Amino acid sequence: MKKIEEYGTPFQREVWEALRWIPQGFVTTYGAIAQYLGRPRAVRAVGTAVGRNPYAPEVPCHRVVRADGKVGNYSGGEGVATKIALLEKEGVEIREGRVVDFAKRLYRFDDQQVTRSEGS
DNA sequence: CCAATGACTAATC
DNA sequence: CGATTAGCCATTG
């Protein structure tokens, strides 16, 4: 693993490290990361920080999508096309630029990625 | 320090 | 659902 600790601002490092908690096959939103970092309103800053991730796609910045379920943007490889390719390769289905079953694929940093099938 | 910027979000039209 | 507007925040010049 690379040493994130040596690059970027403290805030950016927090964001990049947060990306590591996102399980393969799941996605999260910029807002979720912002909340996880204790800065629920810093969604833009989070987006900028994620976009500047120098370790993509090693650090799963491609697992971050928009709050409405759309894929959003991507700066690596072929852009959004690469982002979608990576996600589908991990088992996240994408249709018309949106994540299929977004609610079920969303990782909230709260608990584990339990797919909980209609609990009681 | 101020002004501009951006892989965002929510509300309106 | 696409286009616009306004809000918010860390980073950068």
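Structural data are supplied above this passage.
Everything quoted here is computed from the prediction, not taken from an experiment.

## Remarks on the protein's contact with DNA strand B
Phase 1: Around DNA strand B, the structure places 14 residues, and the nearest of them are R44, G51, A67, N73 and S75.
Phase 2: Close to the protein, within 4 Å, the atoms of DNA strand B belong to sugar or phosphate groups at a rate of 42%.
Phase 3: One of the backbone nitrogen or oxygen atoms of G51 is found 3.3 Å away from a base nitrogen of DNA strand B.
Phase 4: A distance of 2.9 Å separates a phosphate oxygen of DNA strand B from a polar atom in the backbone of A67.
Phase 5: Looking at the surface near DNA strand B, its residues break down into seven nonpolar, five polar and two charged.

## Observations regarding the side chain of R63
Phase 1: Relative to the helices and strands, R63 resides in the loop between α3 (43-51) and β2 (64-65).
Phase 2: One polar contact links the side chain of R63 to the main-chain carbonyl oxygen of I22, over a distance of 2.7 Å.
Phase 3: The contacts of R63, once residues within four sequence positions are left out, are I22, P23, Q24, F26, V27, T28, L87 and E90.

## Concerning helix α1 (residues 10-19)
Each α-helix turn comprises 3.6 residues. Residues three or four places apart therefore point the same way.
Phase 1: When we look at burial in α1, the residues that qualify are Q12, V15, W16, A18 and L19. One side of α1 holds all its buried residues, which, seen down the axis, span an arc of 160°.
Phase 2: Buried residues belonging to α1 abut α2 (30-36), α3 and β2.

## Focus: the protein's contact with DNA strand C
Phase 1: In the neighbourhood of DNA strand C, the contacting residues comprise T9, F11, R39, R41, A42, R44, A45, R52 and K70.
Phase 2: Near the protein, within 4 Å, the atoms of DNA strand C are sugar or phosphate in 61% of cases.
Phase 3: Between DNA strand C and the protein, one listed contact pairs a phosphate oxygen with a side-chain N or O atom of R52 at 3.1 Å.
Phase 4: Partitioning the surface near DNA strand C into residue classes produces three nonpolar, one polar and five charged.

Analysis parameters
Residues numbered from 1 in each chain as written. Chains lettered and ligands numbered in written order. Predicted model: local features only at pLDDT ≥ 70, side-chain atom pairs only at ≥ 80, totals over all residues. Heavy atoms only, no water. Near = heavy atom within 4 Å. Polar contact = N/O pair within 3.5 Å; in protein donor to acceptor, adjacent residues only side chain to side chain. Nonpolar A, V, L, I, M, F, W, Y, C, P; charged D, E, K, R; others polar. Helix = DSSP H or I, 4+ residues; strand = E, 2+ residues; numbered from the N terminus. Contact = heavy atoms within 4.5 Å. Buried < 20%, exposed > 50% of the residue type's maximum accessible area, 1.4 Å probe, protein only. Arc of directions from axis to C-beta.

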